[in-house]
Amino acid sequence: MMPSLLAVVSVILLMNIQAWTPLEHLFSTQLMRWRGAEPWDSRIVMVSIDDKTLAQLGQFPISRDYYADLLWLLTKEDASVVAFNILFSDRGMAGSDLIASSAANDRLAIAIAAHGRVIIGQTWGPEGEPIEPVPVLSRAAIATGHMRLQTDPDGMTRTVEVTWQNLSALGVAAVQAYGLDNELVNIPAARETLQINWPGTAHDLTTLSLIDVLSGQFPLAYFKDKIVIVSYGATTGRAQLRTPFDYQVPVQGGYMQAAVVDNLLGQSWLRPVSGNIVALLLLLAGPVFGRLLYQRKGLVQVAISGAVAVAWLLVCMTALSANYLLPVVTPLLAIFAVGTTVTILGHLQSNALLQVRSAFLNTMSHEVRTPLNAIINLSEMLRETPLDDRQREFAESLHNSSQSLLALINDVLDFSKIESGQFVLEAYPVRLCEVIERSLEMLAPHAAEKGIELVYSLPPNTPAAIISDSVRLQQILVNLLSNAVKFTAAGEVSVQVQVKTIARSKALLSQILTVGCWLRRLSFWGGGPGQGYGLLPASDCYEVRFAVRDTGIGIPPDRMSDLFKPFSQVSAATSREYGGTGLGLSISKRLSERMGGDLWARSAPGKGSIFYFTVPARLAADSVLRPSYLAGLKGTRLLLIDRNSTRRDRLVWELQPLGIEVVQTAALGEAVLLLKGAPAFDGIILDQAVTHDPVSAIKQLRETVSSAYLPVILLSSLKSTDLALGNNVTRLWKPVKQAPLYQALQAFRPVALAPVLPTRKLVSMAMAQPSKGIAPSPWASLSILVAEDNRTNQRVVLRLLELLGCRADVVSSGTEALAAVRRQHYDVVLMDMRMPDLDGVEATRQIRQINQHGNVWIIAMTASTMTKDRRRCYAAGMNDYLSKPIRRSALAQALKRCPTTQSDLTC
């Protein structure tokens with residue numbers, strides 16, 4: 001509440017020094033226009049000395065005899081009051097002009113006295129000296145009123161002094177004279193300033209030409225009981241009077257006096273609210289408003305602030321209709337100041353909390369990953385040793401639990417990174433099929449164990465490559481696929497992609513919602529770094545929608561609202577049965593939103609679920625060329641036997657662009673009937689799931705066409721056992737990938753073009769099994785130094801290197817690592833970041849300063865996995881990065897990237 005109070009106080013202080021006055025004038029004028037014009041009081045008549053009058057009576061000032069004639073007419077018709085907004089002064093006259101003027105003044109004085117209720121005006125010169133009317137006329141008039149015309153910096157006239165140097169305003173004096181014979185009219189106090197409530201435009205006030213009145217063109221009864229204001233109204237030399245309704249073309253100054261008369265007669269002048277009252281109300285309301293906004297979401301804060309601002313404008317409009325002038329800008333600025341203060345304060349507090357939480361999680365992650373590195377790797381090594389059934393069960397449980405713990409740590413860290421905005425979005429060409437296939441490959445073993453089909457489909461109109469972040473796309477897909485496989489006991493899990501063109505405005509809005517890094521890295525409308533990737537024209541803006549379908553348990557409708565909440569699961573029962581952190585969907589939704597898209601779900605209990613997520617993208621030129629041998633397959637005729645309709649569609653869409661004719665069926669019996677017909681097929685793609693005995697099925701199909709060497713591609717599950725399939729049988733493991741499929745297509749040739757060779761070898765895409773012994777490795781000759789302070793992790797790393805065919809020296813601190821590098825040459829240093837005495841980052845910096853050993857290949861080996869930690873490693877001079885727990889395959893890949901290893905492989 002205190003920051004809100006300070007924000008309000010600052011606004012009030014600026015109000016007291018008139019900082020908001022120009023804006024207040026602007027808003028009050030606009031409110032008056034929104035209110036609209038109101039009719040002028042019918043008792044007011046303006047007699048104008050206009051261009052028509054001057055054309056007949058001569059140059060201004062005209063003879064005062066004409067004014068006397070006017071007064072005699074108005075006296076005869078019993079006009080209530082006549083106010084001359086004209087200065088009757090003989091200042092500067094001499095000689096015959098003064099004599100003539102004196103005679104005219106006498107006649108005019110007689111007419112003024114005869115009427116009895118005539119007001120004449122007085123003004124002041126540029127030096128402040130009074131320019132008074134002729135004494136004879138002053139004595140004859142009932143009162144003299146000032147004609148001071150005040151304008152604001154924008155040229156508008158909004159106020160009139162009720163009195164000035166003991167003279168009432170001309171309009172005020174006219175109303176006072178009117179009250180002598182009519183009802184008394186309330187007049188503001190002499191010391192006050194009257195805020196003019198302009199009724200409408202000057203053209204709406206009854207205005208008559210002086211020459212028309214003198215010539216009798218109006219019925220004389222027209223002026224009975226009227227307040228007549230006589231003013232100069234020619235188009236040249238008039239006062240520059242601007243009103244809210246006459247702000248483009250100035251009008252004659254007499255309309256200000258007419259507005260004063262109108263306000264006094266209708267008691268409709270504006271009553272401003274005291275600044276002290278405004279300040280007191282703001283001081284009371286500001287903290288309350290700040291408390292209302294505190295700890296709400298940004299959009300909610302904006303909505304509340306906007307609603308309060310609109311409500312205040314409506315209050316001001318209502319008050320204006322009741323003749324009260326409320327401040328508009330000051331409260332609106334107070335709303336803005338309080339809202340901004342609360343938002344900034346909340347942002348700072350949130351950032352501080354996020355930083356503290358991020359630091360805590362980073363520290364805890366490091367401390368947990370260090371022993372976890374030993375648990376995971378030692379459990380993997382233990383599984384590869386001879387064990388009895390009970391020991392293997394314990395080893396499996398140990399390994400699975402450690403993997404679950406690692407997944408929990410990774411999910412919590414990802415969630416923390418997204419919350420704190422520390423993650424980075426990339427923008428590079430992404431081949432959709434590769435991202436989907438990599439995601440499916442990660443879940444393939446688990447799906448195979450459960451007997452679930454993993455399939456995907458890309459319709460023919462789907463672009464091959466887009467500009468996006470492949471890592472984040474894969475992360476979302478893996479999270480959704482993992483959930484789908486987890487909660488599906490039988491059936492299939494599929495990924496389907498749809499692409500549609502989106503409007504440029506929607507695409508731009510989606511890009512605005514992404515983080516600044518994305519906008520810096522990708523020029524969404526052309527230009528920028530993306531041009532180097534072969535972007536298609538800027539008009540090709542698309543929305544890519546991924547749909548992950550499963551045939552699992554489904555989600556009850558009453559739990560859908562909690563689906564994307566962090567650490568939330570469908571129910572306690574599913575949490576106990578299936579496990580998990582409840583973070584995967586929350587992370588995926590936040591990632592899709594940060595990428596400019598959305599994520600949502602459709603589900604029915606017992607019927608499965610569909611999770612959709614979208615990302616906006618521009619197309620990228622597909623730089624991957626199809627193998628040249630595929631061109632020779634044009635005209636090939638294949639029989640596809642697969643009971644999975646999604647995979648059938650995908651294979652048909654994949655093969656038809658190659659010129660291959662595909663005839664599809666879901667059953668083996670129907671396939672036999674098709675083979676008996678004509679024309680002949682050049683090959684068969686057979687899903688192993690359609691038969692219990694694929695060897696017999698292949699034999700039956702070949703016998704049907706009387707060809708013992710008819711090429712066959714067999715689609716097998718990873719759980720399938722080895723089979724003696726014979727010649728011309730290519731085995732592909734499901735889920736089927738594009739590259740192996742293209743390779744397997746080499747088995748097919750049109751019969752008319754080339755015979756099928758019976759000696760073709762079996763192509764196997766099986767997953768590599770762990771080796772039982774230590775195979776020769778290309779990096780066995782590397783000299784390696786391990787810098788690690790944890791004794792257990794030292795043994796783990798040494799054992800991993802041993803399994804890869806390497807040997808290494810070990811040190812326990814950065815100082816020892818530096819001494820070892822100085823003592824002898826090493827090809828590779830595996831450097832832990834956090835070590836006593838001298839950490840790995842500083843040790844790397846000092847190693848880089850040693851001339852003879854400055855080119856050693858240094859690989860970070862750390863449990864610190866935040867993006868800033870990775871940057872620190874590279875900034876210090878490290879060449880590669882491995883996060884704990886270290887996997888054997890990741891270590892092997894890191895060693896392969898060493899220049900020494902690559903040179904050995906080249907040789």
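These lines cover the structure that appears in this document, whether it is placed above or below. (Residues numbered from 1 in each chain as written. Predicted model: local features only at pLDDT ≥ 70, side-chain atom pairs only at ≥ 80, totals over all residues. Heavy atoms only, no water.)

### Side note on the sheet that holds strand 23 (residues 637-641)
Here is the rule: A pair of strands is treated as paired once DSSP finds two or more bridges between them. Numbering of helices and strands runs from the N terminus, with a helix taken as a DSSP run of H or I at least four residues long and a strand as a DSSP run of E at least two residues long. Axis definition: a line fitted to C-alpha atoms, limited for helices to the stretch in contact. Angles are taken between N-to-C directions and run from 0 to 180 degrees. In this description, contact between two residues means that some pair of their heavy atoms is separated by no more than 4.5 Å.
On the basis of which strands lie adjacent, the open sheet formed by five strands has the order 24-23-25-26-27 and parallel pairing. Either end of the sheet is taken by a strand with one partner, and the two such strands are strand 24 (661-665) and strand 27 (729-733). On average, each strand axis in the sheet is tilted by 20° relative to the strand beside it, whichever way the strands run. The pairing of strand 26 (residues 712-716) with strand 27 spans five bridges and is parallel. From the neighbouring strand, Leu715 faces strand 27, where its bridge partner is Leu732. Where helix 20 (residues 645-655) meets the sheet, its contacts fall on strand 23, strand 24, strand 25 (683-687) and strand 26, and the angle it forms with strand 24 comes to roughly 170°. On the sheet, helix 22 (residues 694-705) packs against strand 23, strand 25, strand 26 and strand 27 and is oriented at approximately 155° with respect to strand 25.

### Comments concerning the sheet that holds strand 29 (residues 808-811)
Taken together, five strands build an open sheet; the order of strands is 29-28-30-31-32 and the sheet is parallel. Edge strands, defined here as strands with exactly one partner in the open sheet, are strand 29 and strand 32 (880-883). Neighbour-to-neighbour, the strand axes of this sheet turn through a mean angle of 20°, independent of strand direction. Pairing analysis gives four bridges linking strand 30 (residues 828-831) to strand 31 (residues 857-862), with the strands arranged parallel. In the sheet register, Met831 faces strand 31, and the bridge partner there is Ala860. Relative to the sheet, helix 28 (residues 888-896) contacts strand 28 (784-787), strand 30, strand 31 and strand 32, its axis offset from that of strand 32 by approximately 175°.

### So, the packing of helix 7 (residues 170-181) against helix 9 (residues 254-266)
The criterion, for reference: Angles below 35 degrees are treated as roughly parallel, those above 145 as roughly antiparallel, those between 65 and 115 as roughly perpendicular, and all remaining angles as oblique. Crossings are sorted by hand: turned counterclockwise from the far helix by less than a right angle, the near helix makes the crossing left-handed, and turned clockwise it makes it right-handed.
The contact between helix 7 and helix 9 brings their axes to 8 Å, and the two run at 45°. In terms of orientation, helix 7 lies oblique with respect to helix 9. By crossing handedness, the relation of helix 7 to helix 9 is classed as right-handed. Counted together, Leu170, Gly171, Val172, Ala174, Val175 and Tyr178 of helix 7 and Gln257, Val260, Val261, Leu264 and Leu265 of helix 9 form the full contact between these two elements.

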